[in-house]
Amino acid sequence: PKQLLSIGGRHTLLQETARRLLPMFSWKYVIVVTNEKQAPEVRRQLPRLPAENILMEPVGRNTAPCLVLAAEWIAAREPDALMVSVPADHVIDSAPALRRTLGTACAIAAAEDALVTVGIEPTRAETGYGYIELGEAVGRRTPAAHWVRRFHEKPSAPVARRYLADGRHLWNSGMFAWRIGVFRAALERYLPQTLRALEGVWLAHAGSRGKPTAPTARLRRIYRKLASISVDLGIMQPLSVAGDGGLRVAVVRARFGWNDVGSWAAMSDVWGSDKTGNAVRGKVLAVAARDSIVYCPERLVALVGVNDLIVVDSADALLICARDQAQDVRKVTDELKRRGWSRYL
């Protein structure tokens, strides 16, 4: 998984995420949600993280169940806590600016009955991201914050160009801050079945120490029945449209460089490109080859007379695809699952 790779520097994306947050939160208050297969590597990469702060999902069910699972773990220890959620696969160019942004989000979440997200200033007419439409300002805050008028799913190219030009739309970063009680109130309204299924699931583990918090038999049964839904689609979008019942959605405008490393095509932005347009990590010999992205930490890769490729060489698999089809790599995962080739997943 990209979170466990050293893509942007000598530390992995997971390690960089933790390093950015530690001035705000001690290791005691950092938790990582992952799956059983990746938990040992998470523990190896973050040796100072308390082992019981590694939560294992039995199976992926998108971000809403994941965040409910984390919220219930926190609530079992500190029922009135404020929770911040950040993806572990982002490249961010200024940790201090991120912390200022999260500080503003936390202040709003502490003072208001609101779910707070972070919005990224668009730099291009991107069709692969969701957008947040800004409403009125939330006081005179720094960084600037607004109430959310509406969330918009990935737009067409003409709509994305309009969003870029009007200055009233931000990219949806997937970072959030809220009080546990406010999050539960939103779940009660829009995802009650998910809340009911997972409510109190960690109470028996609240005093556990020394090992990752593995799924119980009960949790495995619950997850098999849970709907797979994102927190954006399940809660943030309907709440921003409804805007009633005392709950609201706010967004803080980020002032830092950001890349969600959504596909291998993003690596040219993260690594930079040479004079022939190639972005590489590892030993690459390019002969009459241009505008390609190559990741090869162990072996030599030679490109001869080819353009616009993505080449990823790993220990047990080799990926080669057209650069403009980077988003379709997920189809490989789907096909591996269909064929039962689980050792490559």
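Residues numbered from 1 in each chain as written. Predicted model: local features only at pLDDT ≥ 70, side-chain atom pairs only at ≥ 80, totals over all residues. Heavy atoms only, no water.

Enquirer: Quick rundown of the overall build of the protein? Include the residues and the values.
Expert: For the protein, the helix and strand inventory stands at eleven helices and 14 strands. Here the C-alpha radius of gyration of the protein, 21 Å, is about what a compact globule of 345 residues would show, namely 20 Å. The principal-axis extent of the C-alpha atoms belonging to the protein is close to 60 × 50 × 40 Å. Taking all 345 residues of the protein together, the buried fraction comes to 47%. In the protein, the share of contacts with a sequence separation of at least 24, taken over all contacts with a separation of at least 6, comes to 64%. (Helix = DSSP H or I, 4+ residues; strand = E, 2+ residues; numbered from the N terminus. Rg over C-alpha atoms; globule rule 2.2 N^0.38 Å. Buried < 20%, exposed > 50% of the residue type's maximum accessible area, 1.4 Å probe, protein only. Contact = heavy atoms within 4.5 Å.)

Enquirer: Lay out the sheet that holds strand E14 (residues 318–322) in plain terms, naming residues and giving numbers.
Expert: The strand order across the open sheet built from four strands is E11-E12-E13-E14, with neighbouring strands paired in mixed fashion. What marks the edges here is a single partner per strand, and that holds for strand E11 (279–287) and E14. Along the sheet, successive strands turn relative to each other by an average axial angle of 25°, direction set aside. (Pairing = 2+ DSSP bridges. Axes fitted to C-alpha atoms, helices over the stretch in contact; angles between N-to-C directions.)

Enquirer: Any details on the packing of helix H6 (residues 180–190) against helix H9 (residues 231–242)? Residues and values, ideally.
Expert: The N-to-C vectors of H6 and H9 enclose an angle of 90°; their axes lie 10 Å apart at closest approach. Comparing the axis directions of H6 and H9 gives the class roughly perpendicular. Counting all contacts with H6, which are made through Phe183, Ala186, Leu187, Arg189 and Tyr190, the residues of H9 involved are Val231, Gly234, Ile235, Pro238, Leu239 and Ala242. When grouped by side-chain class, the residues that make up the contact of H6 with H9 number nine nonpolar, one polar and one charged. (Parallel < 35°, antiparallel > 145°, perpendicular 65-115°, else oblique. Nonpolar A, V, L, I, M, F, W, Y, C, P; charged D, E, K, R; others polar.)

Enquirer: Talk me through the packing of aromatic side chains; I want residue IDs and the actual numbers.
Expert: Going through the model one piece at a time under the given rule, you end up with nine aromatic pairs. When the ring of Tyr129 is compared with that of Trp171, the centres are 4.8 Å apart and the planes differ by 75°; the resulting orientation is edge-to-face. Separated by 42 residues along the polypeptide, Tyr129 in the loop between strand E5 (114–120) and strand E6 (131–137) and Trp171 in strand E8 (residues 169–179) bring together distant segments of the chain. Each member of the pair Tyr129 and Trp171 is classed as buried. When the ring of Trp178 is compared with that of Phe183, the centres are 4.2 Å apart and the planes differ by 10°; the resulting orientation is stacked. With respect to burial, Trp178 and Phe183 carry one shared label: buried. Through successive ring pairs, a cluster of aromatic residues spans Tyr129, Trp171 and Trp258. The cationic tip of Arg77 hangs over the ring face of Trp73; the distance from NZ or CZ to the ring centre is 3.7 Å. (Phe/Tyr/Trp six-rings, centres within 6.5 Å; stacked < 30°, edge-to-face > 60°. Lys NZ or Arg CZ within 6 Å of the ring centre and 35° of its normal.)

Enquirer: Explain the nonpolar core residue by residue, including any values.
Expert: Counting residues in each nonpolar core, the largest one holds 42 residues, and the members touching the most others are Trp178, Phe183 and Ile235. Looking at which element gives the most residues to this core, the answer is helix H3 (residues 63–75), with nine residues. Once residues within four sequence positions are removed from consideration, Ile235 is found in contact with Leu115, Phe183, Ala186, Leu187, Tyr190 and Leu191. (Core = buried A, V, L, I, M, F, W, Y, C linked by side-chain atoms within 4.5 Å.)

Enquirer: A description of the side chain of Ser85 should follow, citing residues and the corresponding values.
Expert: Mapping Ser85 onto the fold places it in strand E3 (residues 82–85). Leave out the neighbours within four places in its chain, and Ser85 touches Leu67, Gly174, Met175 and Phe176.

Enquirer: Provide a residue-level description of a positive patch on the surface, including the pertinent values.
Expert: Taken together, the side chains of Arg218, Arg221, Arg224 and Lys225 present a region of like positive charge at the surface. Looking at where Arg221 falls in the secondary structure, it is placed in helix H8 (residues 217–225). Using a relative accessible area of 46% as the deciding quantity, one classes Arg221 as partly exposed. (Patch = residues over 30% accessible without salt bridge, like charges linked within 9 Å, V, L, I, M, F, W, Y side chains within 5 Å. Areas by Shrake-Rupley, 256 points an atom, 1.4 Å probe, with all protein chains shown as cover. Salt bridge = Lys/Arg side-chain N within 4 Å of Asp/Glu carboxyl O. Lys, Arg positive; Asp, Glu negative; His and termini not counted. Charge placed at Lys NZ, Arg CZ, Asp CG, Glu CD.)

Enquirer: Just give me the short version of H9, but keep the residues and values in it.
Expert: Taking 1.5 Å per residue, twelve residues should reach 16 Å; H9 reaches 16 Å between its end C-alpha atoms and fits that length. Looking only at H9, the buried set comprises Val231, Asp232, Gly234, Ile235, Met236, Gln237, Leu239 and Ser240. Those residues of H9 that are buried lie in contact with H3, E5, strand E7 (145–152), E8, H6 and strand E9 (248–253). (Expected span 1.5 Å × (residues − 1).)

Enquirer: Tell me what's going on with the pattern of salt bridges, and back it up with residues and numbers.
Expert: One side chain can pair with another of opposite charge once the charged atoms of both are near each other. Throughout the structure, instances matching the rule amount to 19 salt bridges. Here Lys2 ties to Asp89 by a salt bridge, and the two come within 3.2 Å at their closest N and O atoms. Of the two residues, Lys2 sits in the segment before helix H1 (13–21) while Asp89 sits in the loop between E3 and strand E4 (91–92), which places them 87 residues apart along the sequence. Taking the shortest distance from any N to any O, the salt bridge between Arg248 and Glu136 comes out at 2.9 Å.

Enquirer: How would you summarise empty space enclosed by the protein if you had to cite specific residues and measurements?
Expert: Tallying each qualifying case throughout the model produces one cavity of 30 Å³ or more. By volume, the largest cavity amounts to about 60 Å³. In this structure, the largest cavity is lined by Thr17, Arg20, Leu21, Val86, Pro87, His90, Ile92, Leu98 and Met175. For the lining of the largest cavity, the element with the most residues is H1, which contributes three residues. Partitioned by chemical class, the residues of the lining of the largest cavity number six nonpolar, two polar and one charged. (1 Å grid on protein atoms, 1.4 Å probe; cavity = no way out; pocket = protein on both sides within 12 Å on 5 of 7 lines; lining within 4 Å. Points joined across faces, edges and corners; volume = space filled by probe spheres on them.)

Enquirer: I'd like a description of unusual backbone geometry, backed by residues and values.
Expert: Here the bond from Thr142 into Pro143 is cis, since omega is -5°, no more than 30 degrees from zero. Assignment of secondary structure puts Pro143 in the loop between E6 and E7. One non-glycine residue with positive phi stands out, namely Asp308, at about 55°. Structurally, Asp308 is set in the loop between strand E12 (293–304) and strand E13 (309–313).

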